Amino acid sequence: MTGLDIVANAAKMVAPGRGILAADESTGTIQKRLDGIGVESTEDNRRAYRQLLFTTAGAEAHISGVILFDETLRQAADDGTPFSKLLLDKDILPGIKVDKGAKDLAGSLGEKVTEGLDGLRERLAEYVDLGATFTKWRAVIDIGAGIPSRYCIEANAHALARYAALSQEAGLVPIVEPEVLMDGDHDIERCREVTEETLQVTFDQLANQRVLLEGMVLKPNMVLPGKKCASQNSVEEVAEMTVKTLRRRVPAAVPGIAFLSGGQSEEEATAHLNAMNGLGPLPWELSFSYGRALQASALQAWGGKADAVAAGQAAFAHRAKMNGLARSGDYQADMERDAA
Ligand code: 13P
């Protein structure tokens with residue numbers, strides 16, 4: 001049993017060479033992913049897929065923690081070992097997504113606020129009993145005509161800080177995730193401006209609500225142009241803009257920043273992280289907490305076939321290794337071809 005020391009566990013989550021696998025897709029999101037490979041989203045198929053990821057030999061060299069969904073934290077491997085124990089035995093910290101999703105924000109057209117605070121203290125106590133060591137809460141900030149409003153950013157930041165304080169009270173490391181979406185046609189400068197304001201308001205709230213910065217992990221978006229923006233930026237430009245924004249707004253007491261991938265391809269997400277880690281020295285660890293960018297090729301290689309589990313695991317192991325190398329700026333794009 002790993003002790004619930006939030007400072008030690010936060011440092012472990014962002015330890016050099018390793019990063020976090022976000023495998024906490026809600027029932028609706030995992031259904032979309034399984035639909036994409038023609039697999040029915042039954043409880044057992046979801047379990048089989050997560051088992052494939054968690055039993056990948058050697059993944060622990062590059063994976064420090066896994067974020068689980070409620071259903072998964074209660075599931076076990078074929079031999080009956082609970083997933084939380086299986087992970088802990090491999091020196092991988094199990095974590096749990098505790099928010100209840102982004103819902104329409106009252107009085108705003110098209111913006112969202114993340115729910116899930118009611119009864120959270122009691123749910124956290126149960127998650128501790130089930131073996132969780134950290135938590136995740138995702139806030140969603142959309143960029144569009146006239147949005148985001150300050151109201152939306154403040155409502156989300158307030159909820160993030162309330163969640164973070166409750167998690168720390170329970171001995172769980174909160175992953176604080178204010179995600180500025182990359183949908184839309186805005187340019188990188190607009191993303192920088194919104195990301196900077198979002199981080200500023202979020203850290204104000206974290207301070208107001210007495211969150212211990214040494215015992216948390218920040219999970220932000222990278223600063224990117226919108227997917228539909230006509231002018232896309234180079235890997236170096238994205239890296240420089242993202243690091244500049246974080247330097248302005250993230251206190252040095254935060255042990256680590258673990259990016260979401262947010263719709264980037266697997267190779268883009270790795271290349272961006274690698275370039276950022278080449279811009280050091282930095283005040284915090286710069287790591288990954290990818291969902292799609294760690295799983296897309298593994299899902300494709302597996303395709304739901306029992307005889308393709310090894311192929312799915314090989315694809316996941318490869319992505320974990322590439323991102324592990326990007327933690328120190330040692331990744332090169334030709335390593336993708338060598339593996340193919
Ligand atoms: P992506 O890396 O697919 O954006 O997912 C990370 C995550 O956990 C979003 O909440």
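So, here's what we can say about the structure. (Residues numbered from 1 in each chain as written. Predicted model: local features only at pLDDT ≥ 70, side-chain atom pairs only at ≥ 80, totals over all residues. Heavy atoms only, no water.)

**Some remarks on the overall build of the chain**
No. 1: Assigned secondary structure in the chain consists of 13 helices and ten strands.
No. 2: For the chain, the spread of C-alpha atoms along the three principal axes comes to 50 × 50 × 40 Å.
No. 3: When burial is assessed residue by residue, the chain has 56% of its 340 residues classed as buried.
No. 4: For the chain, contacts bridging at least 24 residues in sequence account for 79% of all contacts bridging at least 6.
No. 5: In the form shown here, the chain has an accessible surface area of approximately 13,500 Å², with 50% of it arising from carbon and sulfur atoms.
No. 6: Of the charged side chains in the chain, 36 are positive and 48 negative, and the gap between their average positions amounts to 1 Å. (Helix = DSSP H or I, 4+ residues; strand = E, 2+ residues; numbered from the N terminus. Buried < 20%, exposed > 50% of the residue type's maximum accessible area, 1.4 Å probe, protein only. Contact = heavy atoms within 4.5 Å. Areas by Shrake-Rupley, 256 points an atom, 1.4 Å probe, with all protein chains shown as cover. Lys, Arg positive; Asp, Glu negative; His and termini not counted. Charge placed at Lys NZ, Arg CZ, Asp CG, Glu CD.)

**Structural notes on the state of the cysteines**
No. 1: For the structure on display, the rule yields zero disulfides.
No. 2: The closest cysteine sulfur to the non-disulfide-bonded C191 is located on C229, 11 Å from its own sulfur. (Disulfide = S-S within 2.5 Å.)

**Looking at the site of the ligand**
No. 1: Lining the immediate environment of the ligand, one finds 13 residues, of which K136, K219, S261, G262 and R292 sit closest.
No. 2: Here K219 contributes a side-chain N or O atom positioned 2.6 Å from an oxygen atom of the ligand.
No. 3: Here an oxygen atom of the ligand and a side-chain polar atom of S261 are 2.5 Å apart.
No. 4: Protein coverage of the free-state accessible area of the ligand, which is 300 Å², stands at 91%.
No. 5: Elements with a contribution of two residues or more to the shell around the ligand: β6 (134-141) and β10 (285-290).
No. 6: Of the residues belonging to the shell around the ligand, the class tally is three nonpolar, four polar and six charged. (Near = heavy atom within 4 Å. Polar contact = N/O pair within 3.5 Å; in protein donor to acceptor, adjacent residues only side chain to side chain. Nonpolar A, V, L, I, M, F, W, Y, C, P; charged D, E, K, R; others polar.)

**Observations regarding the packing of aromatic side chains**
No. 1: What the rule picks out here adds up to four aromatic pairs.
No. 2: Between Y49 and W302, the aromatic rings sit 5.4 Å apart at their centres with planes inclined by 20 degrees, giving stacked as the arrangement. With Y49 in helix α3 (residues 43-54) and W302 in helix α11 (residues 292-302), the pair connects residues that are 253 residues apart, well separated along the chain.
No. 3: What makes Y49 buried here is its relative accessible area of 0%.
No. 4: With 5.1 Å between their ring centres and 90 degrees between their planes, F54 and F83 make a pair best called edge-to-face. Residue F54 is found in helix α3, and its partner F83 is found in helix α5 (residues 83-89); the two are separated by 29 residues along the sequence. Both residues of the pair, F54 and F83, belong to the buried class. (Phe/Tyr/Trp six-rings, centres within 6.5 Å; stacked < 30°, edge-to-face > 60°.)

**Quick look at the nonpolar core**
No. 1: Formed by 91 residues in total, the largest nonpolar core has its most connected members in F54, I63 and L286.
No. 2: Among the elements that line this core, the one with the most residues is helix α7 (residues 150-169), at nine residues. (Core = buried A, V, L, I, M, F, W, Y, C linked by side-chain atoms within 4.5 Å.)

**Brief notes about the side chain of E25**
No. 1: Turning to its location among the elements, E25 is positioned in the loop between β1 (19-23) and α2 (27-35).
No. 2: Residue class for E25 comes out buried when judged on its relative accessible area of 8%.
No. 3: Here Q295 takes part through its side chain, which lies 2.8 Å from a polar atom of the side chain of E25.
No. 4: Those residues in contact with E25 that sit more than four places away from it in its chain are I30, R50, F69 and Q295.

**Focus on the environment of A145**
No. 1: Structurally, A145 can be placed in the loop between β6 and α7.
No. 2: Exposure remark for A145: the relative accessible area of 84% places this residue in the exposed category.

**Quick word on the packing of α7 against helix α8 (residues 188-208)**
No. 1: It is the contact of α7 with α8, at a shortest axis distance of 8 Å, that shows an interaxial angle of 40 degrees. The angle between α7 and α8 places the two elements in the oblique class. Helix-helix and strand crossings are classified by hand; for α7 and α8 the assignment is right-handed. Between α7, through R150, I153, E154, A157, H158, L160, A161 and A164, and α8, the contact on the second element is made entirely by E197, T198, Q200, V201, T202, Q205 and L206. (Axes fitted to C-alpha atoms, helices over the stretch in contact; angles between N-to-C directions. Parallel < 35°, antiparallel > 145°, perpendicular 65-115°, else oblique. Left-handed = near helix turned anticlockwise from the far one by under 90°.)

**Quick look at the pairing of strand β7 (residues 173-180)**
No. 1: Counting buried positions along β7 yields eight of eight residues, so the element is predominantly enclosed.
No. 2: When β6 meets β7, the two strands line up parallel, connected through eight bridges. Bridge pairing in β7 places K136 opposite I175.
No. 3: Of the crossover connections in this fold, the one passing from β6 over α7 to the parallel β7 is right-handed.
No. 4: As paired strands, β7 and strand β8 (residues 217-218) are joined by two bridges and run parallel to one another. Residue pairing for β8: I175 is matched across the bridge by V217.
No. 5: Between the parallel pair β7 and β8, the chain is carried across by α8, and the sense of this crossover is right-handed. (Pairing = 2+ DSSP bridges. Right-handed = clockwise from strand over helix to strand, strands pointing away.)

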